[in-house]
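Observations on the model geometry
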Amino acid sequence: DHMTRDQWIEAFAKELGLEPPSEEQIDAILKLAATAAHASERTAAPIAAWLAGCSGRTLSEANDLAERVT
């Protein structure tokens, strides 16, 4: 059996010692991923999400900056 997306994210967050993202945060992460994937190659999406996480900026700021790149 496969885990659902939310089950997997919750388990992974626990392994990292973090709280899982809220639904609002998930929506913002998926928006960022979509922006990156549609502006370039699909593989830009997970890398953009990683960069946003490393940047220390809010998801809103990251999404605004991603829109500037496109």
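Structural data are supplied above this passage.
Below you will find a few notes about this structure.

Calculation criteria
Residues numbered from 1 in each chain as written. Predicted model: local features only at pLDDT ≥ 70, side-chain atom pairs only at ≥ 80, totals over all residues. Heavy atoms only, no water. Helix = DSSP H or I, 4+ residues; strand = E, 2+ residues; numbered from the N terminus. Buried < 20%, exposed > 50% of the residue type's maximum accessible area, 1.4 Å probe, protein only. Areas by Shrake-Rupley, 256 points an atom, 1.4 Å probe, with all protein chains shown as cover. Lys, Arg positive; Asp, Glu negative; His and termini not counted. Charge placed at Lys NZ, Arg CZ, Asp CG, Glu CD. Contact = heavy atoms within 4.5 Å. Expected span 1.5 Å × (residues − 1). Arc of directions from axis to C-beta.

The subject of this paragraph is the overall build of the chain. What the chain contains, in helices and strands, is 4 helices and 0 strands. In terms of its C-alpha atoms, the chain occupies a principal-axis envelope of roughly 35 × 25 × 20 Å. The buried share among the 70 residues of the chain stands at 19%. With an accessible surface of roughly 5700 Å², the chain has 57% of that area assigned to carbon and sulfur atoms. Of the side chains in the chain, 6 bear a positive and 12 a negative charge, and the two mean positions are spaced by 7 Å.

By the secondary structure assignment, Asn63 is in helix α4 (residues 59-69). Excluding residues within four positions of it along the chain, Asn63 makes contact with Ala28, Lys31 and Leu32.

Another aspect to go through is the environment of Ile26. Position of Ile26 among the secondary structure elements: in helix α2 (residues 23-39). Given a relative accessible area of 8%, Ile26 falls into the buried group. Not counting the four nearest positions on each side in its chain, Ile26 is found in contact with Arg5, Asp6 and Pro21.

Right, let's talk about helix α3 (residues 44-55) for a bit. Along its 12 residues, α3 runs 16 Å from first to last C-alpha, staying within 8% of the 16 Å computed at 1.5 Å per residue. Those residues of α3 that fall on the buried side of the exposure criterion are Ala45, Ala48 and Ala52. Summarising the axial view, the buried residues of α3 lie within an arc of 65°, below the 170-degree limit, and thus occupy one face. In this structure, α3 carries Pro46, Ile47, Trp50, Gly53 and Cys54 as exposed residues pointing more than 90 degrees from its buried face.

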